[in-house]
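Survey of secondary and tertiary structure
Here is how the chains run, residue by residue.
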Amino acid sequence: MRGRNRWRAGLLLGAAALGAAALALTAATLAGLRDLPTTLEPPAPSAPRIVDRHGMPLSVSYTEPWNVHDRVALHEVPPLLRAAFVAAEDKRFFEHDGVDWWARLAALATNVAHGRAVRGASTITEQVVRMLHPRPRTLWSRWLEGFEAMRLERAFSKGEILELYLNQVPYAANRRGVVQAARYYFNRDLDTLNRKEMLALAVLVRAPSRLDLVRAPHASEGAIERLADALVAAGALDAAERAALEAEPLALEPAELDVRAPHFVRHVRTQIEALPYSPRTVRTTLDGSLQRTVQALLDRRIAALAANGVRDGAVLVADHRTGEVLAWVVAGGGREGGPVTHIDAVTTPRQPGSALKPFVYALALDSGWTAAHVVEDAPLAEPTAFGLHSYRNYSRRFYGPVTVRDALGNSLNIPALKALQHVGAERFLDTLHALGFRGLDEHPDHYGDGIALGSGAVTLLELVQAYAALANGGVARPLRTLLDDAAEPGGGERVFSAEAASLIGNILSDPEARALEFGRDSVLAFPLQTAVKTGTSSDFRDAWAVGYDYRHVVGVWLGNLDQTPSAGVSGSTGPALLLRSVFAELARTAQTRPLYLSPRLTRRTVCVPVPGAALEDECVQRAEWFAPGTGPEASLQAQAAGGETRAVGRPARAQDAHPIRLRRPTEGLLLAYDPRLPPESQAFEFAVDGVAPGDRVEWHIDDEVIAAEGGRYLWSVERGEHRVAATVLRDGTEIARLGAVRFIVK
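Residues numbered from 1 in each chain as written. Predicted model: local features only at pLDDT ≥ 70, side-chain atom pairs only at ≥ 80, totals over all residues. Heavy atoms only, no water.

1. Focus on the state of the cysteines
The full count for this structure, using the stated rule, is one disulfide. At a sulfur-sulfur separation of 1.9 Å, the disulfide partner of Cys607 is Cys619. Residues Cys607 and Cys619 share a disulfide whose torsion about the S-S bond is about 75 degrees; that sign makes it right-handed. Of this pair, Cys607 sits in strand β14 (residues 602–609) while Cys619 sits in strand β15 (residues 618–626); the two residues are twelve residues apart in sequence, bridging distant segments of the chain. (Disulfide = S-S within 2.5 Å. Helix = DSSP H or I, 4+ residues; strand = E, 2+ residues; numbered from the N terminus.)

2. Some words on the environment of Leu58
Examined against the element boundaries, Leu58 turns out to sit in the loop between β1 (49–51) and α2 (79–89). Spatially, the C-alpha atoms of Leu58 and Pro262 are 7.6 Å apart, while their sequence positions differ by 204 residues. Residues contacting Leu58, with those up to four places away along its chain left out, are Ile50, Val51, Asp52, Leu257, Val259, Phe264, Val265, Thr284 and Leu286. (Contact = heavy atoms within 4.5 Å.)

3. Here we look at the packing of helix α8 (residues 195–204) against helix α9 (residues 221–234)
Running from amino to carboxyl end, α8 crosses α9 at an angle of 105 degrees, the nearest separation of the two axes being 9 Å. Classified by the interaxial angle, the pair formed by α8 and α9 is roughly perpendicular. Counting all contacts with α8, which are made through Lys196, Leu199, Ala200, Ala202 and Val203, the residues of α9 involved are Ala223, Ile224, Leu227, Ala228 and Leu231. Considered class by class, the residues forming the contact of α8 with α9 number nine nonpolar, no polar and one charged. (Axes fitted to C-alpha atoms, helices over the stretch in contact; angles between N-to-C directions. Parallel < 35°, antiparallel > 145°, perpendicular 65-115°, else oblique. Nonpolar A, V, L, I, M, F, W, Y, C, P; charged D, E, K, R; others polar.)

4. Considerations on the packing of helix α13 (residues 357–365) against helix α15 (residues 413–423)
For the pair α13 and α15, the least separation of the axes is 9 Å and the interaxial angle reads 45 degrees. By the criterion of interaxial angle, the relationship of α13 to α15 is oblique. For the crossing formed where α13 meets α15, the hand is left-handed. Touching Lys357, Val360, Tyr361, Leu363 and Ala364 of α13 are Asn413, Pro415, Ala416, Ala419, Leu420, His422 and Val423, all from α15. Within the contact of α13 with α15, the residues separate by chemical class into nine nonpolar, two polar and one charged. (Left-handed = near helix turned anticlockwise from the far one by under 90°.)

5. Section: helix α4 (residues 124–132)
The element α4 is extensively covered by neighbouring structure, given that eight of its nine residues are classed as buried. Listed as buried for α4 are Ile124, Thr125, Glu126, Gln127, Val128, Val129, Arg130 and Met131. (Buried < 20%, exposed > 50% of the residue type's maximum accessible area, 1.4 Å probe, protein only.)

6. Considerations on the environment of Ala567
Checked against the element boundaries, Ala567 lands in the loop between β13 (552–559) and α21 (575–586). Note: C-alpha distance between Ala567 and Asn308 (259 residues apart in sequence) is 4.9 Å.

Right under this line is the structure:
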């Protein structure tokens, strides 16, 4: 009796212990289980994917814990690929409730027989749980995953679970899902894979690193054969298809983006940071097809100019009607030890050479000049901080009296300087700021008159944006890179009148206007009406070409990012041919139209000087456009239709208006006294600009006052430090007081 009681007591104690253990296990299990998500949609990425205007990816990141972008609906997965995954990973997937108990028992027996874990039994559902709730790979984790798998199958359908699995299953190189795997290994989409490639994707998930096709192309062949046999047994493959697998290749091909636009993407990311929301995908204005084409054109042009020392370049294409950037192309860095292409040449400031001249003339046209206004193209020396600088044209020729049309078309330097003096450097700089040149932030005195000839530094982005304003009738607005369907192409700030802007386009698209310096049949004479301007910085460090037609504006820069000069590559010999090629591509399928010309412009026949003519009074009749309220300084109306060109008397022309200013000497000027020459033979000319022939100038030289007619005075050079000021009198009345400046004669 006593023994039986002890047995019963022991039994009760054991039952109590088991009950307590069961309660503890239950409590631990309940505590370890995690809440299921309400949806199987992946969370938002830490950074959005950037695509072109047609949805083509421009950026891809594989550092995210979830595959957010490269997903595919279950019905879009090829049936054989679905069947292969089920056969390889969970052949009773459609029968169990989340846990395959038979598979677990079989795995346990196999592992016990081998004395180690050689087989797993995780169902597809349990693998999805592991994706949702990552845990250490322990027996306790497997225990919890089983319960969560059963709960997951009660909350979601088999199709939803399988779809998530196929889109998130991990592969080598941080790829997730079958879409990314197909592109990584074969550079193709799912529906283009052959049967063997589909089976390979199903096999690789068992050991992504060990069976990686890139590192071990043949390691998976045995597993593929066994999976094929299982599919035949399951009825997913017939005997003929199984036999054909032997001949099907695994055609590995390195994956790459369809479109290369890393610099554009980097620029766009800075704009995304300012958005008030966090999008998963950002659709940009870029045209991927055009980007590829322009990239190939730029690469070829740089290769052709390599012998001339050109290694870097950039092209920017935009639709000036909408402000949308269509291509943002950078190439270069092909020299060992040189700059690499991570430097964005589109946003890197460089000297523009003559590319800013159209804006000087547009401002002059809005300040009283006309396209027929006559300017003297003659040698000119201007003061700088280092003394006098003598300006010349690119060809080193001077053409005498020329019209604004000829001066701009031929990119003559002296008339551009006189146009700047007419409008004023400060006003011109304000105009450039209104056009979007943010980098020109120094005082006007810092740039001097050279600002009209490219002494400042601008970016290709700023330059193209400014030319877009000319193309749009003088209205400036920032170029856009984000495609917002709600954005309207209107708005902007009017910088030039429509008449001045369209006159500039008319001049820049006129082959006759550039015949003196470039010839009538140069590379700048495009087949379709296109306004074109080139620019070359000092020592051939930068070569530019910018142009626009009725719809597009294109800018090209060629040079070297390390500032080394090229071997004589100018805007017309380097980027102009590339600019022509880009416009040819843009016009390939487009219906072209002429450039905009303001309907307020009227055409009149005037007599204009013949540039470089031997006879002082020679001129010819030419039809020219004029804005309302303006007219030629002298004109001869055509007497008969047809406008026959003939030499006639030179028309009277007004003096170029200049502000009154002290040109020589300049502050801090250093002059050298030559002891080898007699003192009476050494003189320096003081000069004041803007005075009329009858004006008197009182020169205040140190403690002496000397009066002279006109704006010139020849001063006998004396050693030492000197101080000069001037007072200008007209009809006895003071009209200007200038100075004082200090200079030294050594």
